Amino acid sequence: MTNEYLAPFVDELFNLGVREAVFSPGSRSTALAMLFEEYKKYDTYVNIDERSAAFFALGIAKAKKRPVVLVCTSGSAAAHHFPAVLEAKMSRVPLIILTADRPAELQFVGAPQTVDQTRFFGNFVNHFENLEAPHIQKQSQTENFWTYPRKVAQRAVLSAISPLSGPVQINVPLRDPLVPELKSENYEKGRSKHAFKFYEGQAQVILPFDEALLSGKTLILAGANFDKDYSEALLKLAEQLKAPILADPLSNLRNHNHPLVIDSYDAFLANNDLKTQLKADAILLFGQMPVSKRLQQFVAFNNEAEFIQVDPALDYRNPSLTTTTMVQSDVLPFASSIKKVNSDSSYLEKWQNAQEKMRQLLEKVTYEESPFEGRYVQELQKHLEALDAQLLVSNSMEIRYIDYWWKKADAKVRILGNRGVNGIDGTESTALGIATTGKPTVLLTGDLSMLHDLNGLIVGKTHELNLTIVLFNNDGGGIFHHLAQKGIPNFDYLFSTPHGLNFAGLAELTGLDYHLVSGYADFGQQFEASLHQSGIHLLEIKTDKDLSLALHRKLQVQVSQPSSSHMNSYS
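Residues numbered from 1 in each chain as written. Predicted model: local features only at pLDDT ≥ 70, side-chain atom pairs only at ≥ 80, totals over all residues. Heavy atoms only, no water.

*Asks:* So what exactly am I meant to see when it comes to the overall build of the protein here?
*Replies:* Each helix and strand counted, the protein has 21 helices and 18 strands in total. Over its C-alpha trace the protein gives a radius of gyration of 26 Å, about what one expects of a compact globule, namely 25 Å for 571 residues. Its C-alpha atoms give the protein principal-axis dimensions of roughly 85 × 60 × 45 Å. By residue count, 57% of the 571 residues in the protein fall in the buried class. Intrachain contacts of the protein at a sequence separation of at least 6 include 77% that bridge at least 24 residues. For the protein, the distance from the average site of its 54 positive side-chain charges to the average site of its 64 negative ones is 4 Å. (Helix = DSSP H or I, 4+ residues; strand = E, 2+ residues; numbered from the N terminus. Rg over C-alpha atoms; globule rule 2.2 N^0.38 Å. Buried < 20%, exposed > 50% of the residue type's maximum accessible area, 1.4 Å probe, protein only. Contact = heavy atoms within 4.5 Å. Lys, Arg positive; Asp, Glu negative; His and termini not counted. Charge placed at Lys NZ, Arg CZ, Asp CG, Glu CD.)

Structure representation (structure tokens):
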């Protein structure tokens, strides 16, 4: 017996709910790839670039809300997984990473394609374990040969989906011959008549604080939370407490045109007088802290409030460092445990008044003639609102455009992002992983993010996936024009980094459908057409960094004025 013990491992992962496996080609991982493929029940994908493969698996796990297997060969291959592993750890996405390895006798002797893969990802995985070939000395030990790998699979899945869900590394040292015997009966070996199963519970929460804290000016912050939809529970709680919900776009609470949902806070919190009027007595945080820097500054400014963080893993997620109470709970049991009912809506009405005035101002960007990202976001939302679609938003400026311009509306579109470590890598790969659901899928990205992951387009071609890419190309790092670095010596060389590259060449290289957008009407026509056609479609929108900055500053100057007349003067 050589590598046949891996067959029960493959079978057990499937029994525990894993349905997808992503491979990158390699010799040492031959047995793993062949056994997953021969099982014939997994959706499998081959991605030649390990870095892209890892983000692709991350996208699948985000979209399908379950662990995904990621397989690579030995040596440097796993190192290319590292950026996606970091993202998975910080954004709580379950991945099961199988790193093929050389056996112990070939370690530290100069064997090719061999490095020390023990705890390769350090603290950025929930669990590490070696899946060694079981040693058989006596016939009585044969049964353990088949049951041991099942226990490893069980520990891997449980660790990946724990309250602090995330990646797991199972290192698999393999000896020659690397090609396994593909006997179908091996998959059944070691099965118990009592199949292993697990149940996720929702325990009732006993509140560690006096509910009287929530009787006055209570504010709810709803951040990214990819694996569960708690919208209804949060809306009910907000109604009960007369509390505004500041809804980050990745919370997907903006899919509800509800009077308690506030979507324009990043704009009107520029008004310092208004910030003072909106100070809260209690702040509740669910999920990650929202992306808005102004909101984070408001939380720090509001440092005398009781800050209650509700988190199933008791993981500190408040960079303002103002948390006073941690509650270990999911949203639903926490919300159902609150019995307090607030009858005073005066605090809520202040937020609603600011929201109404700010939204009227932001809507006037519809009349902007110049190519401006804010108006294109509004156009994008208009075309997606009626669809059960998926929108992945890249980091840097794109997520901020969405935060600023994407308004609440009754819709189904699910917005996702890689906000664990906020990197600009892996965007095309993540989007194509998300696209494996078969739903209409859109990626909104910038030019530098796009350039970071061009290899990701290959898996879209080889697996015939459908994706529309909306590309804001401002020829470099536009976000730095909004930061303190603007105007310093060598700014363009060090930060703005204009590249002058022609994205039209990707049509020839990868076979995607390319279109340079000529205006807002053209964008609408091309975007609608792309959603009804197969393949990858790239809609490039060329914008100007300085013009975009000027339009933002024009708006911010008016917002920062306390007068409502200024707040309604944008044109």
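*Asks:* Help me understand the sheet that holds strand S18 (residues 536–542) in this model?
*Replies:* Through backbone hydrogen bonds, the strands of a sheet pair up, either in parallel or in antiparallel fashion. Spatially, S14-S13-S15-S16-S18-S17 is the arrangement adopted by the six strands of the open sheet, whose pairing is parallel. In this open sheet, the two edge strands, each paired with only one partner strand, are strand S14 (414–416) and strand S17 (513–516). Neighbour-to-neighbour, the strand axes of this sheet turn through a mean angle of 20 degrees, independent of strand direction. Direction of pairing for strand S13 (residues 390–393) relative to S14: parallel, over a ladder of three bridges. (Pairing = 2+ DSSP bridges. Axes fitted to C-alpha atoms, helices over the stretch in contact; angles between N-to-C directions.)

*Asks:* How should a nonpolar patch on the surface be read in this particular structure?
*Replies:* On the surface, Met90, Phe124 and Val421 cluster together to form a nonpolar patch covering roughly 240 Å² of accessible area. Structurally, Phe124 is set in the loop between strand S4 (95–101) and strand S5 (127–130). For Phe124, a relative accessible area of 33% translates into the label partly exposed. (Patch = residues over 30% accessible without salt bridge, like charges linked within 9 Å, V, L, I, M, F, W, Y side chains within 5 Å. Areas by Shrake-Rupley, 256 points an atom, 1.4 Å probe, with all protein chains shown as cover. Salt bridge = Lys/Arg side-chain N within 4 Å of Asp/Glu carboxyl O.)

*Asks:* How do you make sense of the confidence of the model for the protein when you look at a structure like this?
*Replies:* Keep in mind that low pLDDT regions are not for reading the predicted coordinates in detail. Taken residue by residue, the protein gives an average pLDDT of 91. The fraction at 70 or more is 93%. Scored below 50 in pLDDT, residues 562–571 makes 27 contacts in the model with residues more than four places away or belonging to other chains. (pLDDT = per-residue confidence, 0-100.)

*Asks:* Honestly, the sheet that holds strand S3 (residues 68–72) in this entry has me stumped. Any pointers?
*Replies:* In space, the six strands of this open sheet follow the order S2-S1-S3-S4-S6-S5, with parallel pairing throughout. Of all strands in the sheet, those bounded by a partner on one side alone are strand S2 (43–46) and S5. The mean angle between the axes of side-by-side strands here comes to 15 degrees, regardless of whether they run parallel or antiparallel. Two elements, S5 and strand S6 (residues 167–173), share four bridges in a ladder whose sense is parallel. Counterpart to His127 in the pairing with S6 is Val168.

*Asks:* So what exactly am I meant to see when it comes to the pairing of strand S16 (residues 467–473) here?
*Replies:* Each regular strand displays side chains that alternate between the two surfaces of the sheet. Counting buried residues in S16 gives seven out of seven residues, a clear majority hidden from the surface. Side chains Leu467, Ile469, Leu471 and Asn473 of S16 all project onto a buried face; the interleaved residues Thr468, Val470 and Phe472 project onto the opposite face, where all are buried too. Sheet topology places strand S15 (residues 441–446) next to S16; five bridges connect them, and they run parallel. Bridged to Gly446 within S16 is Phe472. Pairing geometry for S16 and S18, over seven bridges, is parallel. Looking at S18, one finds that Thr468 is bridged to His537.

*Asks:* Would you take a moment to explain the packing of aromatic side chains for this structure?
*Replies:* When we look at a pair of aromatic rings, we describe it by the centre distance and by the angle of the planes. Evaluated as defined, the whole model comprises 23 aromatic pairs. Ring geometry for Tyr39 versus Tyr42: centroids 5.6 Å apart, planes at 50 degrees, classification tilted. The residues Tyr39 and Tyr42 share a single accessibility class, namely buried. Each ring, one from Tyr39 and one from Tyr187, has its centre 4.9 Å from the other, and the planes form 65 degrees; the classification is edge-to-face. One end of the pair, Tyr39, is in helix H2 (residues 30–39); the other, Tyr187, is in the loop between S6 and strand S7 (218–222), and 148 residues separate them in sequence. Take Tyr39 and Tyr187: they sit in the same class, and that class is buried. Cluster of aromatic residues (ring-pair linked, three or more members): Phe14, Phe23, Phe36, Tyr39, Tyr42 and Tyr187. (Phe/Tyr/Trp six-rings, centres within 6.5 Å; stacked < 30°, edge-to-face > 60°.)

*Asks:* Got a minute to help me understand the pattern of salt bridges in this structure?
*Replies:* Note on pairing: side chains with opposite charge can pair once their charged atoms come close. Counted according to the given criterion, the structure contains 20 salt bridges. One salt bridge connects Glu12 with Arg150, and the closest N-O pair in it is separated by 2.7 Å. In this pair, Glu12 is assigned in helix H1 (residues 6–15) and Arg150 in helix H5 (residues 142–160), connecting sequence segments 138 residues apart. Residue classification places Arg150 among the buried residues on the basis of a relative accessible area of 3%. Two residues, Asp263 and Arg359, come together in a salt bridge whose shortest N-O distance is 2.8 Å. Linking Asp263 in the loop between strand S9 (261–262) and helix H7 (265–268) with Arg359 in helix H11 (residues 346–363), this pair joins segments that are 96 residues apart in sequence. With a relative accessible area of 1%, Asp263 lands in the buried category.

*Asks:* Please clarify how the pairing of S15 should be interpreted in this entry.
*Replies:* Among the six residues in S15, six count as buried, and that is most of the element. Residue alternation in S15 divides its side chains into two sets, Thr441, Leu443 and Thr445 and Val442, Leu444 and Gly446, and both sets are buried.

*Asks:* Explain the packing of helix H3 (residues 50–64) against helix H4 (residues 82–91) to me, please; I cannot follow it from the model alone.
*Replies:* With their axes 8 Å apart at the nearest point, H3 and H4 run at an angle of 25 degrees to one another. Taken together, the axes of H3 and H4 are roughly parallel relative to one another. Here the hand of the crossing between H3 and H4 comes out right-handed. Two secondary-structure elements touch here, H3 through Ala54, Phe55, Leu58 and Lys62 and H4 through Pro83, Ala84, Glu87, Ala88 and Ser91. In the contact of H3 with H4, the residues fall into six nonpolar, one polar and two charged. (Parallel < 35°, antiparallel > 145°, perpendicular 65-115°, else oblique. Left-handed = near helix turned anticlockwise from the far one by under 90°. Nonpolar A, V, L, I, M, F, W, Y, C, P; charged D, E, K, R; others polar.)

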